[in-house]
Amino acid sequence: MSRFWSPIVEKLVPYTPGEQPKHQSFIKLNTNENPYGPSPLALEAIRSASDDGLRLYPDPAAADLRAAIASTLKLDASHVFAGNGSDEVLAHAFNAFFSGRDPILFADITYSFYKTYCELFSIDHRKVPLTEDFQINPQDYIGSCGGVVIANPNAPTGIAMGLESIEQILQQNRDVVVLVDEAYVDFGGDSAVGLVTHYENLIVTQTFSKSRSLAGMRVGFAVAQPHLIEALQRVKDSFNSYPLGRLAQVGAVAAWTDWDWFDKTRNLVIADRDRTSDALKKLGFEVLSSATNFVFASHEHIPAERLLSGLRERGILVRHFKQEPIRNWLRISIGTTEECDALLEAIASIVGE
Ligand SMILES: *Cc1c(COP(=O)(O)O)cnc(C)c1O
């Protein structure tokens with residue numbers, strides 16, 4: 001703390017990202033990165049754009065990328081906003097739609113960045129408890145509020161909710177913005193982007209970090225009706241006109257259009273997720289039904305913190321959250337087939353101790 005800090009900075013509890021070890025080589029199953037690299041076409045596009053053109057500022061509107069995404073979704077580019085990771089898109093959305101309103105609603109167990117943005121932008125919020133079995137119940141999102149944020153599939157539970165539940169929440173909250181964060185949707189969720197033309201209060205965010213294996217490039221986007229997209233653009237152009245560099249823009253366009261790579265790699269992840277879930281159950285774990293590239297698991301006898309340190313000693317990083325009621329759970333990202341095997345072997349040895 002310093003006497004020069006603003007009262008907001010003094011109170012901030014910044015988001016804590018999973019560890020990125022610098023020196024030791026771990027099997028990293030702690031930050032939901034994709035174990036398979038980005039599309040080779042994306043890497044080629046980035047390489048060939050690495051030239052003298054980098055002296056020039058990039059396209060501030062990321063028009064090619066927005067057009068590519070819009071064309072897949074059978075929408076106009078005016079329905080798409082691109083940002084420096086979906087975290088930045090979320091920040092702009094919180095600022096644009098929730099600031100200065102009644103408390104917004106989100107689940108008590110969800111992506112912890114939502115709370116951080118509320119603190120940063122002085123947005124009131126109310127945490128809505130999940131049901132006993134870690135589900136989001138749309139009935140709990142009724143009544144006056146300043147907006148609703150839903151991660152679907154939810155993190156760190158991995159559980160997806162059906163589009164009829166999303167629609168129920170949209171219909172119950174017609175006068176405020178409902179934001180659906182679909183960071184993991186490509187691994188098994190149903191996307192709400194098809195509802196955008198029907199609901200003027202819906203905004204959907206997605207990312208290139210997970211299913212397109214470009215976490216290191218920082219590209220995310222939002223889909224909504226043009227009146228909401230315009231608000232995001234106003235915030236962006238009051239903050240940083242050039243959130244996406246030239247390499248990120250060309251890389252993202254190439255990654256977006258390489259559907260073969262996308263399908264091949266996500267299917268590998270999905271198959272290993274289901275296999276890993278089954279194997280963990282046989283080792284005595286409760287495993288939630290996952291529609292993501294991670295599993296959320298709790299052992300019937302062995303405390304999560306002991307598994308966490310036992311895995312670390314064996315060179316494997318997974319994620320643990322200290323908060324109740326998920327203190328005894330671990331979030332395990334799905335790695336390559338070999339990494340999943342190594343994980344299961346390490347856990348079997350801890351269980352057998
Ligand atoms: C990973 C993640 C994001 C952010 O992804 P970016 O890398 O910033 O695009 C957003 N929401 C959830 C729930 C996530 O898990």
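Residues numbered from 1 in each chain as written. Predicted model: local features only at pLDDT ≥ 70, side-chain atom pairs only at ≥ 80, totals over all residues. Heavy atoms only, no water.

### Some words on a nonpolar patch on the surface
A contiguous nonpolar surface patch, about 510 Å² in accessible area, is contributed by Met1, Phe4, Trp5 and Val9. Tracing the sequence through the fold places Trp5 in the segment before helix 1 (7-11). Judged by relative accessible area, Trp5 falls into the partly exposed class, the value being 41%. (Patch = residues over 30% accessible without salt bridge, like charges linked within 9 Å, V, L, I, M, F, W, Y side chains within 5 Å. Areas by Shrake-Rupley, 256 points an atom, 1.4 Å probe, with all protein chains shown as cover. Salt bridge = Lys/Arg side-chain N within 4 Å of Asp/Glu carboxyl O. Helix = DSSP H or I, 4+ residues; strand = E, 2+ residues; numbered from the N terminus. Buried < 20%, exposed > 50% of the residue type's maximum accessible area, 1.4 Å probe, protein only.)

### A short note on the site of the ligand
Taken together, Gly85, Ser86, Asp87, Tyr111, Asp181, Ala183, Tyr184, Thr207, Ser209, Lys210 and Arg218 make up the full set of residues adjacent to the ligand. Here an oxygen atom of the ligand and a backbone polar atom of Ser86 are 2.6 Å apart. Measuring from an oxygen atom of the ligand, one finds a backbone N or O atom of Asp87 at 2.9 Å. Across the complex, the protein chains shield 93% of the 390 Å² of accessible surface that the ligand would expose by itself. It is helix 4 (residues 85-98) that provides the largest number of residues to the shell around the ligand, a total of three residues. A per-class count over the shell around the ligand returns three nonpolar, four polar and four charged. (Near = heavy atom within 4 Å. Polar contact = N/O pair within 3.5 Å; in protein donor to acceptor, adjacent residues only side chain to side chain. Nonpolar A, V, L, I, M, F, W, Y, C, P; charged D, E, K, R; others polar.)

### So, helix 11 (residues 337-351)
Along an α-helix, residues three or four positions apart point the same way, because every turn accommodates 3.6 residues. Over its 15 residues, helix 11 runs 21 Å from end to end, which matches the ideal 21 Å to within 8%, given 1.5 Å per residue. Every buried residue of helix 11 is listed here: Cys340, Leu343, Leu344, Ala346, Ile347 and Ile350. End-on view of helix 11: buried residues confined to an arc of 165°, all on one side of the axis. Along helix 11, the residues that are exposed and aim more than 90 degrees away from the buried face are Glu338 and Glu345. Residues of helix 11 that are buried make contact with strand 1 (27-29), helix 9 (259-282), strand 9 (285-287), helix 10 (304-313), strand 11 (316-320) and strand 12 (330-333). (Expected span 1.5 Å × (residues − 1). Arc of directions from axis to C-beta. Contact = heavy atoms within 4.5 Å.)

### Observations regarding the domain arrangement of the chain
When cut into domains, the chain gives domain 1 (2-37 + 260-352) and domain 2 (43-258). Each of domain 1 and domain 2 was reduced to a C-alpha centroid, and the two centroids are 23 Å apart. Residue-level contacts link 33 residues of domain 1 with 28 residues of domain 2. Taking both partners together, domain 1 and domain 2 bury about 2,500 Å²; carbon and sulfur atoms supply 63% of that area. For domain 1, the biggest contributors to the area lost against domain 2 are Tyr15, Phe262 and Ala291; these three give 24% of the whole. Linking domain 1 to domain 2 there are 10 residue pairs in polar contact (both at pLDDT 80 or more). When contributions to the side of domain 1 that touches domain 2 are tallied by element, the ones reaching two or more residues are helix 1, helix 9 and strand 10 (294-299). The dominant element in the side of domain 1 that touches domain 2, judged by the number of residues it contributes, is helix 9, at eight residues. The residue inventory of the side of domain 1 that touches domain 2, partitioned by class, reads 18 nonpolar, nine polar and six charged. (Domains from an automatic or database assignment. Buried area = accessible area lost by both parts, 1.4 Å probe.)

### Overview of the pattern of salt bridges
Summed over all chains, the structure comprises 13 salt bridges. Asp87 serves as the salt-bridge partner of Arg218, at 3.9 Å between the closest nitrogen and oxygen. Taken together, the residues Arg218 in the loop between strand 7 (202-207) and strand 8 (220-224) and Asp87 in helix 4 connect sequence positions 131 residues apart. Arg218 sits in the partly exposed class, given a relative accessible area of 29%. Across the pair Arg273 and Asp274 runs a salt bridge, and its minimum N-O distance is 3.1 Å.

### Quick look at unusual backbone geometry
Look at the link from Asn152 to Pro153: it is a cis peptide, with omega at -5°. Note the cis peptide between Glu324 and Pro325, where omega equals 0°. Residue position: Pro325 is located in the loop between strand 11 and strand 12. Positive phi outside glycine occurs at Ala62, with the angle close to 45°.

### Examining the sheet that holds strand 9
Across the sheet, which stays open at both edges, the five strands sit in the order 1-11-12-10-9 with mixed pairing between neighbours. In the strand order of this sheet, the two ends are held by strand 1 and strand 9, each with one partner. Across this sheet, the average inter-strand angle for adjacent strands is 35°, counted without regard to direction. Pairing between strand 1 and strand 11: three bridges, direction parallel. (Pairing = 2+ DSSP bridges. Axes fitted to C-alpha atoms, helices over the stretch in contact; angles between N-to-C directions.)

### Considerations on the environment of Ser71
The residue Ser71 is located in helix 3 (residues 63-72) in this model. A residue is classified by how much of its surface remains accessible, and Ser71, at 51% relative accessible area, is exposed. Taking the C-alpha atoms as reference points, Ser71 and Ser333, 262 residues apart in sequence, are found 31 Å from one another.

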